[in-house]
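Summary of the model geometry
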Amino acid sequence: MQLTFTQNEREIKNMNMPKNIGETDRNVRFAAGAAVILFGLITHDWLGLLGLVLVGTAYLRSCPAYTLINFDTNKK
């Protein structure tokens, strides 16, 4: 079954995940995550998997660490 973007957004809202990542933060996370993943692939290092965390939080627009420290880069 293929999910559309709106279905993904609805699922995120149902999980009560706050959107605390702004547009600039999101773009930086995507770029840094891609760089870390590429580094891991080139060096055959498992630390490259940490790039998936950056990409995942950018995609979901929610960072659990930001939630813990009550930080928000999302302009409302």
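Higher on the page you've got the structure.
Here goes a summary of the coordinates provided. (Residues numbered from 1 in each chain as written. Predicted model: local features only at pLDDT ≥ 70, side-chain atom pairs only at ≥ 80, totals over all residues. Heavy atoms only, no water.)

Let us look at helix 3 (residues 50-60). Those residues of helix 3 lying buried are G51, T57 and A58. End-on view of helix 3: buried residues confined to an arc of 130 degrees, all on one side of the axis. Facing away from the buried side of helix 3 by more than 90 degrees, the exposed set consists of L52 and V53. Each element contacted by the buried residues of helix 3 is listed here: helix 2 (23-43) and helix 4 (64-68). Among the residues trailing helix 3, R61 stands out with phi positive, at a value near 60 degrees. (Buried < 20%, exposed > 50% of the residue type's maximum accessible area, 1.4 Å probe, protein only. Helix = DSSP H or I, 4+ residues; strand = E, 2+ residues; numbered from the N terminus. Arc of directions from axis to C-beta. Contact = heavy atoms within 4.5 Å.)

In this section: unusual backbone geometry. Here the phi dihedral of R61 falls at roughly 60 degrees; this positive angle occurs in a residue that is not glycine. Of note, R61 is situated in the loop between helix 3 and helix 4. Note on R61: relative accessible area 17%, which makes it buried. Unusually for a residue other than glycine, N70 sits at a positive phi of about 55 degrees. With respect to the helices, strands and loops of the structure, N70 is situated in the segment after helix 4.

The full count for this structure, using the stated rule, is two salt bridges. With its nearest N and O atoms 2.6 Å apart, the salt bridge here joins R61 to E23. Taken together, the residues span a long stretch of sequence, with R61 in the loop between helix 3 and helix 4 and E23 in helix 2 at a distance of 38 residues. Using a relative accessible area of 45% as the deciding quantity, one classes E23 as partly exposed. (Salt bridge = Lys/Arg side-chain N within 4 Å of Asp/Glu carboxyl O.)

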